[in-house]
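# Structural overview for review
Below, each chain spelled out in residue letters.
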Amino acid sequence: MTQVGGNYEEHHHRYVRGWQYLRGTGLDDHEMDLAEHAFVDVQGTAGSSQVGHAIDLMSRSHGRRPALVLLGGPGTGRRAAALRILCKAGVPRERIRWLLLDWDQPRIEQVPHTKGYGFVLDLTSYPELPEDFYTGLTGYQKEAESTEAFLIILATPENWGPRTLATVPTVSMSRPPARKVAETHLLHLAPHRADWLTTDPLDTLLSESASPSDAARLARLIAQAHDDAEDSVKEEFSNWQDHLKQWFTNHSGAEDLRERALLIAVALLEGAPAKVVLEAADELFSDVGGQLPPGGPLAGRDLVNRLATVHASLIQDEGVSLEAERHGLAEAVLTHVWQQRPQLRKALLEWASSISAPNGTAVSHLPRIAECLVHLSAQPGGRLVLTVASNWVATGRSAHRQLATEVLETMALHPVTGPGVRKQLYDWAQQKTTSKELASAVAGICAGQLSRSYPRVALTRLRLLASRSDGLANEAVANAVRSLASAPEQRLLVLSEIIGWTQADAPAVREAGASTFLALTDMAQDTFLPPPARVEGDDADTLTHELFVQGWRAAHMETTTTQAAHDRLAAWLDSPHLSDDQVLPLAVAVLRGRLGQQGAAELLVGSSSSSDLGRARRKMLFNRLISDQTTSHGAADADPDLDSDDALALT
């Protein structure tokens, strides 16, 4: 960015670099314990173990490598290997970070190299990496070496191709034996149950092709199980396939349709009150053509008998649960129905939306329903969830919009569906065919949880929306940006990004930046963003002040927002809700050197509607500008070429 005025360049440069870095999440102690104490290494082709070789590269006293690449496909244990390598290289576990990919394409400039930290960067989801990522790795490694930081990149043989652009050591990962992984994990988690893996019915669960994650999951299930619960562990590990096949076979008659609907309703609404579950089940039964028996609530069997049929139980507060006695069964039921009855998928989605709509049977259980639909979106055929949800929003069906937005937001954060949905949000934001309803939904999603985990991704999509020539999403973008900036920890980030828009090459983006900045200054809004009073020595307040100055100047310079900028600044001068220390230094900085611009004189003079406070402030503002100009004249005597626009405007 091009900066102007005072010492703003120093502050802004330091801040923007921090803003550009990817954020990382810490790893929980359970995962770190397994990486440190229950890791299974594989013998490499050169005779040494593959992870042992990587540890040597990163931990030796001479020629230590600050970065390396673990090459392998999903399921080769790269994540666990990366954590173990960093631990053995001497990085404390509380300083190990998994980087969140808050970008639309990899940029090495955004990868942090904080002193004494270790970072893991998973690039598996990218088909190929840009050349400037590779070329930037040389400089990154020098920075990381100087700060004693470490970076481990996870990639695949297909997408990692630096050729001569970069020199980074690579370690090819082979899949460790699943049974060995399970045994090692179990010896760490529950050594007294080690024999469960070698006896019926669990001894045949892990095939030769089983992944390390499957093995780790089996060990975890065994460790968490009740005594003598081997059969339950087998069922849960296999996602209750045998149980569900047998149940649906035993309940395949026309008279069983109502109980099938009940099973699906219990699975979707796990833990919900019995009344809600029963009503939702009857709605699904009716949606697929079932005829409810006469007599309403008096018809049919008692609740306890119906629940027994579907293997559900009553829990606290009359809740209904499949999980209480069979952990994992609720999710398994939905997966089974989705996979075995593809012709039912659209009806299931319509039913889930109907019961969660305003005044719907299960409206208070919207988050649970959205979570279930996101789970289904990761299954084969799951693309239908995204298609249906976006259609609900785009066509303006208000009854479905709430669930659709919740589903899209949750999908955007999901580890499996997230990258694709975030790309879809990008496309919707700029496509000419996007409806106002869909554009508004995208803005709302960007203002929610997406901005907490991926703030740059969210603001990029808001920029695209704000730059649309049709203006469909202007109000939604303004509301979204106000919401983002209202969080103190994000205020500087949001302001900095929007000021960046005002300095873009594209006129539409500059205009979007100016109008979006003015949205933050609207005192009529509950989320109005007040400027700080400048405090000597407070870098954050000083930087915020400078960003406000930049924003106001940009809004004054942009012809489409000039009048609005003057009106908004006039409102600030008139407002008793802002102190003199908040308003006057800002107004002086904004107007200095710009008094000859259209509307500046009117702003200083005020109008008949100006408050007494506003008139007093305008007098003080005028005097300060005169004082500044007098100082400038002294400098002009020594430098005749000094700009005298303000002098002309004030005379």
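Refer to the structure printed above.
Summary of the structure given here. From a predicted model like this one, the values you see are computed outputs, not experimental measurements.

Backbone hydrogen bonds are what pair the strands of a sheet, in a parallel or an antiparallel way. Taken together, the six strands give an open sheet; going across it, the order is β1-β3-β4-β5-β2-β6, and neighbouring strands pair in mixed fashion. Each end of this open sheet is capped by a strand with a single partner; those strands are β1 (24-25) and β6 (170-172). Relative to strand β5 (residues 150-155), strand β4 (residues 118-122) runs parallel, the two being bridged by five bridges. Across the sheet, residue Phe119 finds its bridge partner in β5, namely Leu151. Along the sheet, helix α3 (residues 50-59) makes contact with β2 (67-71), β5 and β6, crossing β6 at roughly 170°. Strands β2, β4 and β5 of the sheet are contacted by helix α5 (residues 131-146), whose axis makes an angle of about 160° with β5.

For the rest of this paragraph, the subject is the nonpolar core. Grouped together as the largest cluster of nonpolar side chains are 125 residues, with contacts concentrated most on Leu269, Leu462 and Trp552. Once residues lying within four places of it in the same chain are set aside, the contact partners of Leu269 are Val276, Val277, Ala280, Ile355, Ala362, His365, Arg368 and Ile369.

With that settled, consider the side chain of Thr502. Here Thr502 is to be found in helix α23 (residues 491-502). The contacts of Thr502, once residues within four sequence positions are left out, are Arg510, Gly513, Ala514 and Ala554.

What follows deals with the packing of aromatic side chains. Evaluation of the coordinates by the stated rule reveals eight aromatic pairs. Between Tyr117 and Phe119 the ring centres are 6.2 Å apart and the planes differ by 20°, which places this aromatic pair in the stacked class. Assessed through its relative accessible area of 22%, Tyr117 is described here as partly exposed. Judged by centre distance (5.1 Å) and plane angle (85°), the ring pair of Trp552 and Trp572 falls under edge-to-face. Taken together, the residues span a long stretch of sequence, with Trp552 in helix α25 (residues 539-557) and Trp572 in helix α26 (residues 562-574) at a distance of 20 residues. Here Trp552 matches Trp572 in class, with each residue buried. Ring-pair connections join several aromatic residues into one group, and the members of that group are Phe517, Phe548, Trp552 and Trp572. Between the NZ or CZ atom of Arg79 and the centre of the ring of Trp98, over which it lies, the distance is 4.2 Å.

A separate point is helix α11 (residues 274-287). With 14 residues, α11 should reach 20 Å at 1.5 Å per residue; the first-to-last C-alpha distance of 20 Å fits that figure. Along α11, the residues that are buried comprise Ala274, Val276, Val277, Ala280, Ala281, Asp282, Leu284 and Phe285. Looking at the buried side of α11, the elements it contacts are α10 (257-268), α12 (303-309), β7 (313-315), β8 (319-321) and α14 (345-356). Backbone geometry just after α11 places Gly289 at a positive phi near 95°.

Moving on: the side chain of Asp574. Relative to the assigned elements, Asp574 resides in helix α26. A polar contact is formed between the side chain of Asp574 and the side chain of Arg618, at a distance of 2.9 Å. Not counting residues up to four positions away in its chain, the partners in contact with Asp574 are Ser610, Ser611, Leu613, Gly614 and Arg618.

This next bit is on the pattern of salt bridges. Applying the stated rule across the entire model yields 18 salt bridges. A salt bridge links Glu259 to Arg301; its shortest N-O distance comes to 3.8 Å. Here the residue Glu259 occupies a position in helix α10, and Arg301 occupies one in the loop between α11 and α12, the gap between them amounting to 42 residues. One salt-bridge network, in which partners are shared between bridges, spans Asp29, Asp33, Glu36 and Arg93.

Parameters and conventions
- Residues numbered from 1 in each chain as written.
- Predicted model: local features only at pLDDT ≥ 70, side-chain atom pairs only at ≥ 80, totals over all residues.
- Heavy atoms only, no water.
- Pairing = 2+ DSSP bridges.
- Helix = DSSP H or I, 4+ residues; strand = E, 2+ residues; numbered from the N terminus.
- Contact = heavy atoms within 4.5 Å.
- Axes fitted to C-alpha atoms, helices over the stretch in contact; angles between N-to-C directions.
- Core = buried A, V, L, I, M, F, W, Y, C linked by side-chain atoms within 4.5 Å.
- Buried < 20%, exposed > 50% of the residue type's maximum accessible area, 1.4 Å probe, protein only.
- Phe/Tyr/Trp six-rings, centres within 6.5 Å; stacked < 30°, edge-to-face > 60°.
- Lys NZ or Arg CZ within 6 Å of the ring centre and 35° of its normal.
- Expected span 1.5 Å × (residues − 1).
- Polar contact = N/O pair within 3.5 Å; in protein donor to acceptor, adjacent residues only side chain to side chain.
- Salt bridge = Lys/Arg side-chain N within 4 Å of Asp/Glu carboxyl O.

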